[in-house]
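Geometric and topological summary
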Amino acid sequence: MSVSVVQPSRTAWSRLRPFGAEQVDLRTGFWADRVRINREHTIPHGLDQLRRAGTLDNLRLADGYRAAADSTGTTLPFLDSDVYKWLEAVGWELARGPDPGLAASADEVIALVTATQRADGYLNSYVQAGDGEPYRDLSWGHELYCLGHLIQAAVAWHRALGDDRLLDVAIRAADHLPGPLVDGHPNIEMALVELARVTGDRRRLTTAARMLELRGHGTLPGARFGAGYWQDHEPVRDAATVAGHAVRQLYLDCGAVDVAVELGDDRLLGAVRRRWDDMIRTRTYLTGGLGSRHRDEAFGDPYELPPDRAYAETCAAIASVMLAWRLLLATGEAGYADAIERTMYNGVLPGISLTGTRFFYTNPLQRRTHRVLDGAGPRLPWYPCACCPPNLMRLLSTWQQYLATGDDSGIQVHQYAAAEVRTELPSGPARLRIDTGYPWDGRIVLSLLETPAEPWTLSLRVPRWCRTATLTGPDGTLAVGAGMVKRHRRWQPGDVVELSLDLPARITEPDPRIDAVRGCVAVERGPLVYCIETADAPGRTEIEELIWDPSREPDVQPRPDVAEAMIGVTVPVLRRRSGAPATAGAIPYFAWANREPGAMRVWIPR
Ligand SMILES: [Zn+2]
């Protein structure tokens, strides 16, 4: 049986089957590097920060460990979730390869979690260290949210390692729930569905489905930002658009897809798809970032997408990848994989430094020189509200699972990285090696190392941004358009298919309804959005002084000074005052803020 982060039941209404962690290896290149840095640097750094921040001490305090009272023990209700997200990441990492040090640290943390659980199954350090009265503040208490993260960590350890220490804790904690409740921060819904999938206990699924039905009737008290803030304004299956706090909405819709595919509830799935389509069309930044408002971490109005005031929380981008993945599995539609690609490169990765140990919580598309002079915003090693860093850890530790899927007809490759994919097709085992320098290089070579004798279909995603692509294989060479390209044939070991995606630097104009960037252009190349930083402005000009020069074309250039193998774009600009032509060296947006503090912009005025 395969082990993956989202695992629809065999009876679920799901078009594609995820590949398990054990079926895909990242070999070398861009993503192998990001995932290695996560394992070697980010996750150990995370443990260190959980210790320093007092997040682990919170569990000790709840367990009556008074000696920790002089710690920096913090007082936000949702901090246990950071411990669980860290554990989830470690579970997947240990499945990818042994690490005795990491395993020992995880054992310690699991023992701490286990010891903190009350005899009646309840587990939440904030409540236990306080008045000990559960479920009193469903609006703001995050108790079910934390329980959801505990379950997700437990499911990961069960699936990845067959280790049920956390699962036992999670089941007892879930059993403590008095019934379906509405929590101010969704997350429990998708977790309960996964718990049902792992244990076969359908009551968990029924509870999750009921929680979805209960939401949307204005029952949560204390809605200081309005009931839409936590999606309690309209029933989940009726709401036409996303609303309120972006992460809450997206986690809620993840749960809705999970319930819908398990129950074959097309209407529920349809509601999520409609919201998704509207969100992509009207409320999504070029980077895939989501959330235009700082005040309530919320989606804005349609086309309210200011680059400088973008909230675009790293967690919202992560949640969007989680939701798009569920929709891709449910429908098989390539557009969801397009969204995952855009968001991973440009919405998720900007949240973490190239070293893997500094983070952004919000991801604006512009930082003015004035703000830098004011000392604004270097990346930080951790945050008092530290939801994003461990969320990045768990996503990166599972990223290889998002590359490809299978169904009875064959294999679908959705994301490109140097990797090896192994699966069992109905007619026998198949093994596929992928060689590529993506995203810097658009040539992707797929070699069949092993294949059944019966014909089957190899499907490759041609990204929507790609205007010229060719596919070369045993049948010759042909031009292919965006979407899933399918090749059905009797494959032989040694067959090679080459997909070539043309990667010129391209100029993107914004939708004219986005007032904040009207009259600007952005530069993209392949799946990457680019930006200009002060360090690459001509003669260190303030970047606000530069305007786009339409009379010249952008060009590409290697940028090993920023990162190995990186390709930059030379952007033609004019100096605003003198009109003198110059060039600025744009780098991928995900790599910004890794050098000296400087200003940055994605959208360049014409
Ligand atoms: Zn976050």
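Residues numbered from 1 in each chain as written. Predicted model: local features only at pLDDT ≥ 70, side-chain atom pairs only at ≥ 80, totals over all residues. Heavy atoms only, no water.

The protein goes by Glycoside hydrolase family 127 protein in an unreviewed UniProt entry, where it is assigned to Actinoplanes hulinensis.

**A word on the pairing of strand S7 (residues 428-436)**
Along any regular strand the residues' side chains alternate between the sheet's two faces. Threshold: Should DSSP find at least two bridges between two strands, the strands are regarded as paired. Runs of E in the DSSP output that reach at least two residues are strands. Runs of H or I that reach at least four are helices, and both are numbered from the N terminus.
Two strands pair when backbone bridges link them, and strand S6 (residues 419-425) and S7 are joined in this way by 7 bridges, in the antiparallel orientation. Within the sheet, the bridge partner assigned to leucine 425 lies in S7 and is glycine 428. Following S6, the chain reverses through 2 residues before pairing antiparallel with S7. By the bridge criterion, 6 bridges tie S7 to strand S8 (residues 443-450) in an arrangement that is antiparallel. Across the sheet, the residue bridging to arginine 433 is serine 447, located in S8. Linking S7 back to S8 in an antiparallel pair, the connection comprises 6 residues.

**Here we look at the nonpolar core**
Proteins that are soluble and globular tend to have nonpolar side chains buried together. Counted only if it meets this: In this description, a nonpolar core means a group of buried Ala, Val, Leu, Ile, Met, Phe, Trp, Tyr and Cys residues linked to one another through side-chain atoms lying within 4.5 Å. The cut-offs for exposure are 20% and 50% of the maximum accessible area for each residue type, with area from a 1.4 Å probe on protein chains only; residues under the lower value are buried, those over the upper are exposed, and the others partly exposed. By definition in these notes, contact holds between two residues if any of their heavy atoms fall within 4.5 Å.
In this structure, Trp31, Trp86, Leu87, Val113, Leu150, Ile151 and Val602 are the most contacted members of the largest nonpolar core, which totals 212 residues. With 14 residues, helix H12 (residues 314-331) is the single largest residue contributor to this core. Beyond its immediate stretch of four places on either side in the chain, isoleucine 151 contacts Ala170, Ala174, Ile188, Ala191, Leu192 and Leu195.

**Notes on the coordination of the zinc ion**
Which entries qualify depends on this criterion: Note: metal donors comprise N, O and S atoms at 2.8 Å or less from the metal (3.2 Å for Na, K and Ca); water molecules are not included, so apparent gaps in a site are possible.
Within the protein, the zinc ion binds to Glu313 (OE), Cys315 (SG), Cys387 (SG) and Cys388 (SG); these donor distances fall in the range 2.0 to 2.3 Å. Sequence spacing of the donor residues for the zinc ion, all on one chain, is E-x1-C-x71-C-C. On the criterion of sequence distance, the pair formed by cysteine 315 in helix H12 and cysteine 387 in the loop between helix H14 (369-373) and helix H15 (388-396) is long-range, its members being 72 residues apart. In this pair, the class of cysteine 315 matches that of cysteine 387, namely buried.

**Observations regarding the UniProt feature "domain: Non-reducing end beta-L-arabinofuranosidase-like GH127 middle" (unreviewed entry) in the protein**
As a reminder of what qualifies: UniProt positions are given in the numbering used here, feature names are shortened, and annotations may be inferred rather than shown by experiment.
Sequence positions flagged by UniProt for "domain: Non-reducing end beta-L-arabinofuranosidase-like GH127 middle" (unreviewed entry) are, in local numbering, residues 411-502. Measuring from the first to the last C-alpha atom of residues 411-502 gives 24 Å, for a span that is 0% helix and 61% strand.

**Concerning helix H1 (residues 29-52)**
Convention followed: How far a helix is expected to stretch is found by multiplying one less than its residue total by 1.5 Å. Each residue is assigned a bend, namely the angle between axes fitted to the seven residues that terminate at it and the seven residues that start at it.
A rise of 1.5 Å per residue sets the reference length of H1, with its 24 residues, at 34 Å; its end C-alpha atoms lie 33 Å apart and thus fit the reference within 8%. Along H1, the helix axis deviates most sharply at asparagine 38, where the bend reaches about 40°. Of the residues flanking the end of H1, it is glycine 54, one or two places downstream, whose phi is positive at about 85°.

**Thoughts on the sheet that holds strand S9 (residues 456-462)**
Heads up, the condition is: Structural elements are reduced to axes, namely lines fitted to C-alpha atoms, with helices fitted over the stretch in contact, and the angle between N-to-C directions of any two is expressed from 0 to 180 degrees.
Spatially, 5 strands are ordered S1-S4-S5-S9-S12 in an open sheet, and the strand pairing comes out mixed. Of all strands in the sheet, those with a lone pairing partner are strand S1 (17-18) and strand S12 (483-489), marking the two edges. The pairing of strand S4 (residues 404-407) with strand S5 (residues 410-413) spans 4 bridges and is antiparallel. From the neighbouring strand, threonine 405 faces S5, where its bridge partner is glutamine 412. Seen against the sheet, helix H13 (residues 334-348) touches S9 and S12 and runs at an angle of roughly 50° to S9.

**Points about the pattern of salt bridges**
Quick note on the threshold: For salt bridges, the criterion is a side-chain nitrogen of Lys or Arg within 4 Å of an Asp or Glu carboxyl oxygen.
Counted by the stated rule, this structure contains 56 salt bridges. Salt-bridge contacts for arginine 267 lead to aspartate 238; the nearest nitrogen and oxygen are separated by 3.2 Å. With arginine 267 in helix H11 (residues 266-282) and aspartate 238 in the loop between helix H9 (202-214) and helix H10 (246-263), the pair connects residues that are 29 residues apart, well separated along the chain. Across the salt bridge formed by glutamate 450 and arginine 431, the nearest N and O atoms sit 3.3 Å from each other. Placement of glutamate 450 in strand S8 and of arginine 431 in strand S7 is noted, with a sequence separation of 19 residues between them. Residues participating in the shared-partner salt-bridge network are Arg159, Glu194, Arg197, Asp258, Glu262 and Arg326.

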